[in-house]
Amino acid sequence: MKLGALEAGGTKMVCAIGDETGKIYEQVSIATTTPEETIPKLIAYFQDKQIDALGIASFGPVELDPASEKYGYITTTSKLAWTNFDFLGSMKAALKCPMGFDTDVNGSVLGEVTFGQAKGKHCVMYLTVGTGIGAGVYIDGKLLHGMLHPEAGHILITKRDTDHYEGKCPYHKDHCLEGMAAGPAIEARWGKKAVELADCPEVWDLEADYLAQALTNYVMVLSPEMIILGGGVMHQEQLFPLIRKKLITYINGYVITEELEDPEHYVVPASLHDDQGIMGCLELARRALEG
Ligand code: ADP
Ligand code: ZN
């Protein structure tokens, strides 16, 4: 089967052709500008490829309820050119094949569960820490949508007394994880590119603290069997041992499981060489074909 994959990000769109085994035959990257400019390029890429189905994992917020008139729309995004845009409809109008549609982070968790380290698990969370923070959740064969889809980056956290940063989130100021711990927040707080702060332990100690607070809440609410951390900020590998240690400290022995006894295999980096998102799209496409 020949499947199309489209990982739609706020800065770039990754388009690929592959199959149901997760094999990627070819891949291109197209800049995300306006729908008027970008969509025709996406269509032109897929048009003559004879794909059986297409899987799209998109930045959001997106409407995922098939019963809604706005199913497949990008809704209230901060990327204004894309607000209230019928993404899935625009692709369907040009490419007549079955299409799967979900959030970017749900695509990533699906990639990891189908083809990566989370194979065989029933409840898995994928958190991206990049320009924003978002989470995809896989539960018993399905991706969690709920009333919209999780917005786990905007979980409320306790600010450290010594941290006087005002917070980047326009909705929650210095109260939410994304506003305090996404890449732009790190850079605004410390006045340097995150990558240039690699040798400043205080930066990563604070970052790990906020992330561990959030992970503690995810453990309590979802009880995931594995938490995968991806995104640009997680390239700071020094964060992993700090987050694991703080997570165990915050849980404080209240939840005791085999997984938590082995934190190195519980809080883990993405396993598919940054292809988890696009591979997840292949599985979205396969699922769309199955109907
Ligand atoms: P996006 O979220 O836009 O898809 P990324 O996941 O690459 O893209 O996230 C970009 C953010 O990650 C930026 O704020 C950047 O500062 C941060 N970032 C990228 N690479 C690194 C790195 N090596 N170390 C720390 N932060 C990084
Ligand atoms: Zn927020």
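Identification of the chain as fructokinase from Waltera acetigignens is taken from an unreviewed UniProt entry. In UniProt, the chain has this text filed under Cofactor (unreviewed entry): "Mg(2+)".

Before going further, it helps to spend a moment on a nonpolar patch on the surface. A contiguous nonpolar surface patch, about 390 Å² in accessible area, is contributed by Met 220, Val 221 and Tyr 254. Residue position: Val 221 is located in helix α6 (residues 201-222).

The subject of this paragraph is the sheet that holds strand β7 (residues 99-103). Strand order across the open sheet formed by 5 strands is β3-β2-β1-β4-β7, with mixed pairing between neighbours. Either end of the sheet is taken by a strand with one partner, and the two such strands are β3 (24-31) and β7. Across the sheet, the axes of successive neighbouring strands diverge by a mean angle of 15°, strand direction being ignored. When strand β2 (residues 12-18) meets β3, the two strands line up antiparallel, connected through 7 bridges. Bridge pairing in β3 links Met 13 to Ile 30. Here helix α1 (residues 35-47) sits on the sheet in contact with β1 (3-8), β2, β3 and β4 (53-58), set at roughly 10° to β2.

The next point concerns the environment of Gly 231. Secondary-structure assignment places Gly 231 in the loop between β11 (226-230) and α7 (239-251). Along the chain, Gly 231 and Gly 130 lie 101 residues apart, while their C-alpha atoms are 4.8 Å from each other. Excluding its chain neighbours within four sequence positions, the residues that come into contact with Gly 231 are Tyr 126, Thr 128 and Val 129.

Let us look at the nonpolar core. Leu 127, Leu 177, Leu 215, Leu 229 and Ile 243 are the most contacted members of the largest nonpolar core, which has 40 residues in total. For this core, the secondary-structure elements that each account for two or more residues are β8 (123-129), β9 (133-139), α4 (177-181), α5 (183-190), α6, β11 and α7. The greatest single-element share of this core, amounting to 11 residues, is contributed by α6. Non-local contacts of Leu 177, meaning those with residues more than four positions away in its chain, are made with Ile 133, Ala 152, Gly 153, Ile 155, Ile 157, Ala 182, Tyr 210, Leu 211, Ala 214 and Tyr 218. With 27 residues, the next largest nonpolar core counts Ile 56, Val 62, Trp 82 and Cys 97 among its residues.

Right, let's get into the coordination of the zinc ion (ligand 2). The coordination sphere of the zinc ion (ligand 2), as far as protein atoms go, consists of His 154 (ND1), Cys 169 (SG), His 172 (ND1) and Cys 176 (SG), spread over 2.1 to 2.4 Å. Here the zinc ion (ligand 2) is ringed by 4 donor atoms whose angles at the metal span 104 to 116°, and the overall shape comes out tetrahedral. Considered as a linear motif, the donors of the zinc ion (ligand 2) on their single chain read H-x14-C-x2-H-x3-C. Remark: Cys 169 occurs in the loop between β10 (142-143) and α4 and His 154 occurs in the loop between β10 and α4; sequence separation between them is 15 residues. Accessibility expressed as a relative area gives 22% for His 154, which makes it partly exposed.

A regular strand places its side chains so that they alternate between the two faces of the sheet. A large share of β2 lies buried, amounting to 6 of its 7 residues. As judged from the 6 bridges shared by β1 and β2, these two strands associate in the antiparallel manner. Within β2, the position partnered with Ala 5 by the bridge is Ala 16. Counted along the chain from β1 to the antiparallel partner β2, the turn is 3 residues long. Between β2 and β3, which pair antiparallel in sequence order, lie 5 residues; one of them, Gly 22, sits at a positive phi of approximately 90°.

What counts and what doesn't
- Residues numbered from 1 in each chain as written.
- Chains lettered and ligands numbered in written order.
- Predicted model: local features only at pLDDT ≥ 70, side-chain atom pairs only at ≥ 80, totals over all residues.
- Heavy atoms only, no water.
- UniProt positions renumbered as here; feature names shortened; annotations may be inferred.
- Patch = residues over 30% accessible without salt bridge, like charges linked within 9 Å, V, L, I, M, F, W, Y side chains within 5 Å.
- Areas by Shrake-Rupley, 256 points an atom, 1.4 Å probe, with all protein chains shown as cover.
- Salt bridge = Lys/Arg side-chain N within 4 Å of Asp/Glu carboxyl O.
- Helix = DSSP H or I, 4+ residues; strand = E, 2+ residues; numbered from the N terminus.
- Pairing = 2+ DSSP bridges.
- Axes fitted to C-alpha atoms, helices over the stretch in contact; angles between N-to-C directions.
- Contact = heavy atoms within 4.5 Å.
- Core = buried A, V, L, I, M, F, W, Y, C linked by side-chain atoms within 4.5 Å.
- Buried < 20%, exposed > 50% of the residue type's maximum accessible area, 1.4 Å probe, protein only.
- Donors = N, O, S within 2.8 Å, 3.2 Å for Na, K, Ca; no water.
- Tetrahedral: all angles 85-135°; square planar, octahedral: opposite > 155°, others 65-115°.

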